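What the coordinates show
Here is how the chains run, residue by residue.
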Amino acid sequence: MVDHSSPPRPPLSTASLIARLAGIGAVVAVVAGAFAYVNGTLDPQRLRPKTLVNALETNNGVHPGFRRNHAKGVCVAGYFESNPQVRTYSSAQLFNEAKTPVIGRFALPSGNPYAPDSSVPIRSFAVQLSQANGQQWRTGMNSMPVFPVGTPEAFYQLLKAGAPDPATGKPNPASMPAFFAAHPETAPFLAWVKTAKPSASYATETYNGINTFYLVNADGKRQAVRWTVVPQSRDAAGDTAPEGGDFLEKDLVQRLAAGPLHWQLNMTLANPRDPLDDASKTWTGEHKVLNAGTLVLQSSQPQADGDCRDINFDPLILPSGIEASNDPLLAARSAAYASSYLRRAGEVSPLHSVPQESKP
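Here goes a summary of the coordinates provided. In this numbering scheme, every chain counts its residues from 1 along its sequence in written order. Only residues with pLDDT of at least 70 get local features here, since the model is predicted, and only at 80 or more are side-chain atom pairs given and counted; chain-wide, interface and lining totals rely on the full set of residues. Water and hydrogen atoms play no part in the side-chain values, which are based on all heavy atoms of the structure.

**Some remarks on the environment of L252**
Note the cut-off: In this text, helices come from DSSP runs of H or I with a minimum length of four residues, and strands from runs of E with a minimum of two, each type numbered from the N-terminal end. For every residue, the accessible area (1.4 Å probe, protein chains only) is compared with the maximum for its type, and the residue is labelled buried under 20%, exposed over 50%, or partly exposed between those bounds. Whether two residues are in contact is decided by their heavy atoms, any of which lying within 4.5 Å being enough.
Relative to the helices and strands, L252 resides in helix α7 (residues 247–258). Residue classification places L252 among the buried residues on the basis of a relative accessible area of 0%. For the pair L252 and V76, spaced 176 residues apart in sequence, the C-alpha to C-alpha distance is 9.5 Å. The contacts of L252, once residues within four sequence positions are left out, are V74, V76, F106, L261 and S300.

Laid out in structure tokens, this is it:
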């Protein structure tokens, strides 16, 4: 995958790394949502969506009316401006129109809506692009370049490793390092964790789709891709996140008051030997990267009454011209997102009215 990262940061000390691994369950447990197979409720040998959502609640607590994952966030709105480079690869209307309306949501990857912004090194960005023909593209992206594991089962074991011990109310400090030692596929994620730290702004992050999808053109030809949005805004040299607090939303509001924010949507084309169905594996070596267009954000709204509040950012809601790969995490996310949505939709919370899902 093309490297859009910032300059290397000094590695953590051994003690600091062990401490981070011991607590990393709280981070990865909410990075891409709770996972379970579609129709898992019909097969006792498969993980059920409610089992994974229950595990999230065990690890993060229950906060009525809030998302069980990425609970703390802010709504944004703008548009996508297409670039001709992708039009031969996909028949999706959004790549063939000048502008497509966008509703999005930046969020902190934690199930706790009151978590300090500096508590985790990951930021997330979900968007819904609504085409004129009524079809939508919804996608959730994260600032990490790769997911720690490649299957729902492994993710559930990761959740269990990060669960609090009933005797102490805190995770067993030995459980998370033991999980990573037993799962060598986590090596790319751990390599990122060693230098990752919280950014000072949502606006200066690169966000990765992580999973593989297919662009499909009018002739039915399919091209496997992974996408990334790269910011045109950058942190000043040495700019780091302040401790604690709620600085991310305040910073975003200030930046948008000064003018629109821009990200370039890049489509990285898979090479013949790239892994297509495992989000824990990176794509190495040289790749062709297409500039698909520019994502422009013009305004923000508090999530309590913003347009993003009632959207379930299901990654399998795709327009004609984009198709999902066989990555099991995609079907898993779709099923568990729905389970989580139904829970918060029936609860009364500080987000006042009961949410109603927007039309797919």
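**As for the packing of helix α4 (residues 152–161) against helix α5 (residues 175–182)**
For any two helices packed against each other, the geometry is given by the interaxial angle and the distance between the axes. As a reminder, the rule being used: What counts as an axis is a line fitted to C-alpha atoms, over the stretch in contact for a helix, and the angles between N-to-C directions run from 0 to 180 degrees. Angle categories: roughly parallel below 35 degrees, roughly antiparallel above 145, roughly perpendicular from 65 to 115, and oblique for all the rest. Gly is placed with the polar residues, together with every amino acid not listed as nonpolar (Ala, Val, Leu, Ile, Met, Phe, Trp, Tyr, Cys and Pro) or charged (Asp, Glu, Lys and Arg).
It is the contact of α4 with α5, at a shortest axis distance of 8 Å, that shows an interaxial angle of 155 degrees. By the criterion of interaxial angle, the relationship of α4 to α5 is roughly antiparallel. Here α4 contributes A154, Q157, L158 and A161 to the contact with α5, which in turn contributes S175, M176, F179 and F180. For the contact of α4 with α5, the class distribution of residues is six nonpolar, two polar and no charged.

**Some words on the nonpolar core**
Short version of the rule: Grouping buried Ala, Val, Leu, Ile, Met, Phe, Trp, Tyr and Cys residues that are joined through side-chain atoms within 4.5 Å yields what is termed a nonpolar core.
Among the nonpolar cores identified, the biggest contains 41 residues, and F95, F106, F125 and M267 are the most heavily contacted of them. Looking at this core, the element that brings in the most residues is strand β8 (residues 261–269), giving five residues. In this structure, F125 is in contact with V76, R105, F106, T139, G140, M141, Y207, V229, L295 and L297, ignoring residues within four places of it in sequence. F147, L158, F180 and V193 belong to the second-largest nonpolar core, a separate cluster that totals 21 residues.

**Details of the side chain of Q136**
To keep things clear, this is the line we draw: Contacts described as polar in this section are N or O atom pairs within 3.5 Å, which, within protein, must combine one atom able to donate a hydrogen with one able to accept it, while residues neighboring in sequence count only if both atoms come from side chains.
By the secondary structure assignment, Q136 is in strand β4 (residues 136–142). Take Q136: its relative accessible area is 10%, and that puts it in the buried class. A distance of 2.9 Å separates a polar atom in the side chain of Q136 from a polar atom in the side chain of R138.

**Considering the pairing of strand β3 (residues 124–130)**
Side-chain positions along a regular strand alternate between the two faces of the sheet. Going by this rule: A pair of strands counts as paired when DSSP detects no fewer than two bridges linking them.
Within β3, six of the seven residues are buried, which leaves it mostly tucked inside the rest of the structure. The sheet contact formed by strand β2 (residues 99–108) and β3 spans six bridges and is antiparallel. Residue I103 lies in a different strand from β3, and its bridge partner there is Q128. Here seven bridges tie β3 to β4, and the two strands are oriented antiparallel to one another. Looking at the pairing, L129 lines up with W137 of β4.

**Points about the packing of aromatic side chains**
The test is simple: Any two of the Phe, Tyr and Trp rings considered here, Trp counted by its six-membered ring, make a pair once their centres fall within 6.5 Å; the pair's planes then place it as stacked at under 30 degrees, edge-to-face at over 60, or tilted in between.
The final tally for this structure, using the stated rule, is 13 aromatic pairs. Centroid distance F106 to W263: 5.8 Å. Interplanar angle 40 degrees. Geometry classified as tilted. Taken together, the residues F106 in strand β2 and W263 in strand β8 connect sequence positions 157 residues apart. Grouping residues by exposure puts F106 and W263 together as buried. With a centroid separation of 4.5 Å and an interplanar angle of 20 degrees, the aromatic rings of F213 and W227 are classed as stacked. With F213 in strand β6 (residues 213–216) and W227 in strand β7 (residues 222–231), the pair connects residues that are 14 residues apart, well separated along the chain.

**Observations concerning the state of the cysteines**
Short version of the rule: Cysteine sulfur atoms that pair up within 2.5 Å are treated as a disulfide.
Summed over all chains, the structure comprises one disulfide. Disulfide pairing places C75 opposite C308 at an S-S distance of 2.0 Å. For the disulfide bridge between C75 and C308, the dihedral angle about the S-S bond is near -75 degrees, and by the sign convention the bridge is left-handed. Of the two residues, C75 is situated in strand β1 (residues 72–82) and C308 in the loop between β9 (289–302) and β10 (322–324); the sequence distance between them amounts to 233 residues.

**Comments concerning unusual backbone geometry**
Positive phi values are uncommon outside glycine, yet I210 reaches one of about 70 degrees. Counting through the fold element by element, I210 comes out in the loop between β5 (207–208) and β6. The exposure class of I210 is buried, given its relative accessible area of 6%.

**Comments concerning the pairing of β7**
Where burial is concerned, most of β7 is hidden: eight out of the ten residues are buried. As paired strands, β5 and β7 are joined by two bridges and run antiparallel to one another. Within the sheet, the bridge partner assigned to N208 lies in β7 and is T228. Two elements, β6 and β7, share four bridges in a ladder whose sense is antiparallel.

**Details of the side chain of T268**
Along the chain, the position of T268 falls in strand β8. Residue classification places T268 among the buried residues on the basis of a relative accessible area of 3%. Apart from the residues lying within four places of it in its own chain, the contact partners of T268 are A224, V225, R226, W283, H287, K288 and V289.

**Some remarks on the pattern of salt bridges**
To be explicit about the condition: Any Lys or Arg side-chain nitrogen located within 4 Å of an Asp or Glu carboxyl oxygen qualifies as a salt bridge.
In this structure the tally under the stated criterion is five salt bridges. Close ionic contact of D251 with R255 constitutes a salt bridge, the shortest N to O distance being 2.9 Å. Of this pair, D251 and R255 both sit in helix α7, four residues apart, roughly one helical turn. By relative accessible area, which is 17% here, D251 ends up buried. As a salt-bridge pair, D310 and R309 come within 2.7 Å of each other at their nearest N and O atoms. The exposure classification of D310 matches that of R309, with both residues buried. Through salt bridges with shared partners, a single network forms among K72, D117 and D246.

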